[in-house]
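# Analysis of the macromolecular model
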Amino acid sequence: MPTLECNFSGIKCLNPFWLASAPPTNCGEQVMRAFDAGWGGAVWKTIGEPITNVSSRYSSIDWAGQRMMGLNNIELISDRPIATNLREIAEVKRRYPKHVVIASLMVESKREAWHEIVARAEDAGADGLELNFGCPHGMSERGMGSAVGQVPEYAEQITYWVKERARTPVIVKLTPNITDIRMAARAAKRGGADALSAINTINSITGIDLDTLVPNPNVDGLSSHGGYCGPAVKPIALNMVQQINADPASVLPLSGIGGIGSWRDAAEFILLGCGNVQVCTAAMHYGYRIVEDMADGLLEWMRQKGFETIEDFRGLSLPNVREWKHLNLNYKIVARIDAAKCIGCQLCYTACWDGAHQCIHLDRTLPTPDTTRTPAQIQAVSSTRITTTPIPKLDDAGPQTAGTPLDRIPRVDEHECVGCNLCSLVCPVEECITMERIDNMPPQTWEERTASPTATH
């Protein structure tokens, strides 16, 4: 029977799902409700000298009917007294001793200030410490947050100060607002960090109100750049997670963050080497109970794959990410259209001609498909017209028969197809266009090809 119990940098966890440091972990009452819902851990909203927040604070990007595809915030760290946060951490740990509470910390860059907050957080019962070197707005203007994370020497120095006093695992939260996240990860490791978490939010302006001309969110007629998160940032986060875990000078236990909202997202981060995951935007959007589906889904997938523990599949996808020069140049796939599933929208044809490599044609009803024309001849004919996506009820589709009329079903010239995938990506019908392997040559990488004096490039 698979189990979700795991160990992150010496911290025993009921499951790999932690709430990230953010509004969902603002107070003890919230964290306890989250634990009742099934979360294994919570990183407390960042604790430091209380600040004053503005109103409003959030804005978002909607995309193709999905609300909050990306969420932007200009909210700062906790605006509650340090003593209040620490008292509530102690109470949460008293009631939920098996659940993980991590204290996220951010104070001014002074050795004494860090020693004091570390001692107070650990005395309150925190299971570990997360150093917030990633917050990109507001606090960075005061020399904290990403202002530290963007300068490896500062990150290393403060990590070292914290480790002088800490008795619990120290996790350094990295900023993605840097040219190479590995530089900050290496610095944290040199400073003695026990673990890393990544990524924090990405600098952003989500949009401008075209009536008021003020960017969102509007604070009395003005705005400011904020931190971007949610599903939109997941590909960026996965890339940075891979960079860190593939770099021997950076690698430490890593808590994955960035657009995680389902068990599939969590599995992908763990496959790239993360020991657990942290979630924020999805919990803000749908509530704490999303963790139920995440846990059930991950367990079922583990059963199907034969994995008993998180460690059984952690990092298994890392070897499959290589530099481009190590990819097989002789690997060849082509698009094939299932005529029985095609609805005749011809979106693949338009995408291929306007956005890709001009190998999809509308010539199935010609007496004999003219396959003798060269690409230049086809290009010359096609350039005389602009491709459009037909509207069946408005455009003449020919005699109506059962299924899609043959003259509306595109044909792929497999000789010219480069296997770019674009047609299958734009096709609205599942499994209508499949990419099928046809190569028959031995594998050869760019590195191997360029090393051969007789090879053509």
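Everything below is about the structure shown above.
Residues numbered from 1 in each chain as written. Predicted model: local features only at pLDDT ≥ 70, side-chain atom pairs only at ≥ 80, totals over all residues. Heavy atoms only, no water.

### Description of the overall build of the protein
Helix and strand counts for the protein come out as 14 helices and 18 strands. The principal-axis extent of the C-alpha atoms belonging to the protein is close to 85 × 60 × 45 Å. Buried residues in the protein amount to 50% of all 457 residues. Here the analysis covers contacts within the protein between residues at least 6 apart in sequence; of these, 73% occur between residues at least 24 apart. For the protein, the computed accessible surface area is about 22400 Å², with 53% contributed by carbon and sulfur atoms. For the protein, the distance from the average site of its 42 positive side-chain charges to the average site of its 52 negative ones is 3 Å. (Helix = DSSP H or I, 4+ residues; strand = E, 2+ residues; numbered from the N terminus. Buried < 20%, exposed > 50% of the residue type's maximum accessible area, 1.4 Å probe, protein only. Contact = heavy atoms within 4.5 Å. Areas by Shrake-Rupley, 256 points an atom, 1.4 Å probe, with all protein chains shown as cover. Lys, Arg positive; Asp, Glu negative; His and termini not counted. Charge placed at Lys NZ, Arg CZ, Asp CG, Glu CD.)

### Let's talk about the sheet that holds strand 6 (residues 66-73)
On the basis of which strands lie adjacent, the open sheet formed by four strands has the order 5-6-12-11 and antiparallel pairing. The sheet is open, and its two edges are formed by strand 5 (58-63) and strand 11 (202-204), each paired on a single side. Each neighbouring strand pair of the sheet contributes to a mean axis angle of 45°, computed without reference to strand direction. The pairing of strand 6 with strand 12 (residues 226-229) spans three bridges and is classified as antiparallel. Directly across from Asn72, in strand 12, lies its bridge partner Tyr228. (Pairing = 2+ DSSP bridges. Axes fitted to C-alpha atoms, helices over the stretch in contact; angles between N-to-C directions.)

### Examining the pairing of strand 13 (residues 254-257)
Burial along strand 13 is two-sided: the face carrying Leu254 and Gly256 and the face carrying Ser255 and Ile257 are both buried. As paired elements, strand 13 and strand 14 (residues 276-279) share three bridges and run parallel to each other. Bridge pairing in strand 14 places Gly256 opposite Val277. Remark: the strand 13/helix 8 (residues 263-271)/strand 14 crossover connection has right-handed handedness. (Right-handed = clockwise from strand over helix to strand, strands pointing away.)

### Considering helix 5 (residues 152-165)
Because each turn of an α-helix spans 3.6 residues, side chains separated by three or four positions in sequence point in the same direction. Taking 1.5 Å per residue as the helical rise, helix 5 with its 14 residues ought to reach 20 Å, and the 21 Å between its terminal C-alpha atoms agrees with that figure. Every buried residue belonging to helix 5 is among Pro152, Ala155, Ile158, Thr159, Trp161 and Val162, and all of these are buried. Buried residues along helix 5 sit in contact with helix 3 (111-123), strand 8 (128-132), helix 4 (146-149), strand 9 (170-173) and helix 6 (181-190). (Expected span 1.5 Å × (residues − 1).)

### Side note on unusual backbone geometry
Most peptide bonds adopt trans geometry, and most residues besides glycine take a negative phi value. The residue after Ser55, namely Ser56, is reached through a cis peptide bond having omega 10°. One can find Ser56 in the loop between strand 4 (41-47) and strand 5. Cis geometry is found at the peptide bond from Asn216 to Pro217, where omega equals -5°. Position of Pro217 among the secondary structure elements: in the loop between strand 11 and strand 12. Even without glycine at this site, Met68 takes up a positive phi of about 55°. With respect to the secondary-structure elements, Met68 resides in strand 6. A positive phi angle, close to 65°, is found at Glu431, a residue other than glycine. Its location among the elements puts Glu431 in the loop between helix 13 (422-426) and strand 18 (433-437). Exposure remark for Glu431: the relative accessible area of 48% places this residue in the partly exposed category.

### Some details on the side chain of Thr206
Tracing the backbone shows Thr206 in the loop between strand 11 and strand 12. Among the residues examined, Thr206 registers a relative accessible area of 14% and is labelled buried. Within polar-contact distance, the side chain of Thr206 engages the side chain of Ser59 at 2.6 Å. Apart from the residues lying within four places of it in its own chain, the contact partners of Thr206 are Ser59, Ser60, Ile61, Asn72, Asn216 and Tyr228. (Polar contact = N/O pair within 3.5 Å; in protein donor to acceptor, adjacent residues only side chain to side chain.)

### As for the nonpolar core
Counting 95 residues, the largest nonpolar core has Phe17, Trp39 and Trp114 as its most contacted members. Those residues in contact with Phe17 that sit more than four places away from it in its chain are Leu4, Trp39, Gly40, Gly41, Ala266, Val277, Val291, Met294, Ala295 and Leu298. Membership of the second largest hydrophobic core comes to 18 residues, among which are Ile360, Ile378, Ile409 and Val412. (Core = buried A, V, L, I, M, F, W, Y, C linked by side-chain atoms within 4.5 Å.)

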